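Here is what each chain is made of, one letter per residue.
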Amino acid sequence: MSEKKPLILVTNDDGITSRGIAFLVDCMQELGNVVVVAPNSPQSGMGHAITIANPLRLYPTTVFPDLPAYECSGTPADCVKLAKHHVLKDNAPDLVVSGINHGSNSAISILYSGTMSAAIEAAIEGIPAIGFSLADYTREPDFSHTREYVLTIARNVLEKGIKKGVALNVNFPARSPDPLKGVKICRQADAKWQEIFDERRDPNGRRYFWLAGEFVNNDPGKDTDEFALAENYVSVVPCQYDLTAYDTMATMNEWGM
């Protein structure tokens, strides 16, 4: 009797027609039975938003004609919720993978990332999950150099597991003439976007703002995701949804409140 293949849910935040999800689906088909539930339009920067005041739409799609695939009107987190409770009828997948995002989700970006919100939502449900992102901002990103690492990391999670409530944030450097050096298990860098809101006027003279700025890394550590990416390594940061600052709890307990 042949061994049962793992069930893998694929989602993203760039939308179901993006190049990144097509590449990721192709990779995951080497590892198991794939189901796709992804947004019907780009959802970048949505963070962990969920839809509560509007109806959610879910339709079968022919984007992946040989697979059970659905497009959702909601956010990446909505996609994972609907996949688990409706599409899969509470038959939890063995793995949830999100991406491959067109752009980096390192450092503070994880808090804004729709890609990682889908992975974190899976972790909340107790499902092993990985968010994959490519630090490439060109119009036609090349994902091909990531394939070996996508498969290796996903295979390790399937075979060895990860702690319940944890999702992996995986970022790849953009393709360059030099091959990737390998994988580094990292911490999240203390780096963030220094925002500038560019004030403009529309044709009717009404004021609006356009978010701009630059990414600033104030973290000199050599154990961070930003350092790994700069050195042409794949960065892997284990993330958890428990945001409690435990050391601060201990300090506050001395306040005598």
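Please read these numbers as outputs of a predicted model, since none were measured by experiment.

About the criteria used
Residues numbered from 1 in each chain as written. Predicted model: local features only at pLDDT ≥ 70, side-chain atom pairs only at ≥ 80, totals over all residues. Heavy atoms only, no water. Salt bridge = Lys/Arg side-chain N within 4 Å of Asp/Glu carboxyl O. Disulfide = S-S within 2.5 Å. Buried < 20%, exposed > 50% of the residue type's maximum accessible area, 1.4 Å probe, protein only. Core = buried A, V, L, I, M, F, W, Y, C linked by side-chain atoms within 4.5 Å. Helix = DSSP H or I, 4+ residues; strand = E, 2+ residues; numbered from the N terminus. Contact = heavy atoms within 4.5 Å. Expected span 1.5 Å × (residues − 1). Pairing = 2+ DSSP bridges. Right-handed = clockwise from strand over helix to strand, strands pointing away. Patch = residues over 30% accessible without salt bridge, like charges linked within 9 Å, V, L, I, M, F, W, Y side chains within 5 Å. Areas by Shrake-Rupley, 256 points an atom, 1.4 Å probe, with all protein chains shown as cover. Phe/Tyr/Trp six-rings, centres within 6.5 Å; stacked < 30°, edge-to-face > 60°. Lys NZ or Arg CZ within 6 Å of the ring centre and 35° of its normal.

Trainee: Please explain the pattern of salt bridges as it appears in this structure.
Mentor: Two side chains of opposite charge can pair, provided their charged atoms sit close to one another. Overall, the coordinates contain 13 salt bridges when judged by the stated rule. Connected through salt bridges with shared partners, the residues Asp26, Glu30 and Arg147 form a single ionic network.

Trainee: Explain the state of the cysteines to me, please; I cannot follow it from the model alone.
Mentor: In a disulfide, the sulfur atoms of two cysteines are held together by a covalent bond. Scanning all chains against the criterion turns up zero disulfides. With no disulfide of its own, cysteine 27 lies closest to cysteine 79 among cysteine sulfurs, the gap being 20 Å. Residue cysteine 27 is classed as buried on the basis of its relative accessible area, which comes to 0%. The thiol of cysteine 72 is unpaired, and the distance to the nearest cysteine sulfur, on cysteine 79, comes to 4.1 Å.

Trainee: How should the nonpolar core be read in this particular structure?
Mentor: Note on soluble globular proteins: their nonpolar side chains tend to be buried together. In this structure, Val10, Met28, Val36 and Ile130 are the most contacted members of the largest nonpolar core, which totals 35 residues. Elements with a minimum of two residues in this core: strand S1 (7-11), helix H1 (19-28), strand S2 (33-39), strand S5 (95-102), strand S6 (129-135), helix H4 (147-160), strand S7 (166-173) and strand S11 (234-240). In this structure, isoleucine 130 is in contact with Leu95, Val96, Val97, Ser98, Ala119, Ile153, Ala154, Val157, Leu168 and Val170, ignoring residues within four places of it in sequence. In terms of nonpolar packing, the next biggest core, distinct from the first, is built from 26 residues, Cys72, Leu88, Ala118 and Ala123 among them.

Trainee: Explain helix H2 (residues 76-87) to me, please; I cannot follow it from the model alone.
Mentor: For an α-helix the count is 3.6 residues per turn, leaving residues at separations of three or four pointing the same way. Among the 12 residues that make up H2, nine are buried, leaving the element largely enclosed by the rest of the structure. When H2 is considered as a whole, its buried residues turn out to be Pro76, Ala77, Asp78, Cys79, Val80, Leu82, Ala83, Lys84 and Val87. The secondary structure elements touched by the buried residues of H2 are S1, S2, strand S3 (58-60), strand S4 (69-72) and helix H3 (114-124). Backbone geometry just after H2 places lysine 89 at a positive phi near 55°.

Trainee: Is there a simple way to explain H4 in this structure?
Mentor: An ideal rise of 1.5 Å per residue puts 20 Å on 14 residues; H4 measures up with 20 Å between its terminal C-alpha atoms. Listing the buried residues of H4 in full gives Tyr149, Val150, Leu151, Ile153, Ala154 and Val157. Tucked inside the fold, the buried residues of H4 contact H1, S5, S6, S7, strand S8 (183-185) and S11. Glycine 161 occupies a position one or two residues after H4 and carries a positive phi of about 75°.

Trainee: Sorry, what's going on with the pairing of strand S10 (residues 207-217) here?
Mentor: The two faces of a sheet get side chains in turn, since along a regular strand they alternate between them. Both strand S9 (residues 191-201) and S10 contribute to a ladder of 11 bridges, which runs antiparallel. Residue pairing across strands places tryptophan 193 opposite phenylalanine 215, the latter belonging to S10. The antiparallel hairpin formed by S9 and S10 contains five residues in its connecting segment, where glycine 205 sits at a positive phi of about 85°.

Trainee: Quick question: what am I supposed to make of the pairing of S6 here?
Mentor: Judged by how many residues are buried, S6 sits mostly within the fold: six of seven residues are covered. Both S5 and S6 contribute to a ladder of five bridges, which runs parallel. Residue pairing across strands places asparagine 101 opposite serine 133, the latter belonging to S6. The β-α-β motif built from S5, the intervening H3 and the parallel element S6 has right-handed crossover chirality.

Trainee: Looking at this model, I keep getting lost on a nonpolar patch on the surface. Mind explaining?
Mentor: Nonpolar side chains collect at one region of the surface, where Phe197, Phe209 and Leu211 lie side by side and expose about 350 Å² of accessible area between them. In this structure, phenylalanine 197 sits in strand S9.

Trainee: How should I be thinking about the packing of aromatic side chains in this particular structure?
Mentor: Centre-to-centre distance and the angle between the planes together describe a pair of aromatic rings. Overall, the coordinates contain three aromatic pairs when judged by the stated rule. Taken together, a centroid distance of 6.1 Å and an interplanar angle of 15° make the contact between phenylalanine 132 and phenylalanine 172 stacked. Here the residue phenylalanine 132 occupies a position in strand S6, and phenylalanine 172 occupies one in strand S7, the gap between them amounting to 40 residues. Residue classification places phenylalanine 172 among the buried positions, given a relative accessible area of 0%. Note that arginine 147 overlies the ring of phenylalanine 23, its terminal NZ or CZ placed 5.7 Å from the centroid. One residue, lysine 184, lies across the ring of tyrosine 233, its end atom 4.5 Å from the ring centre.

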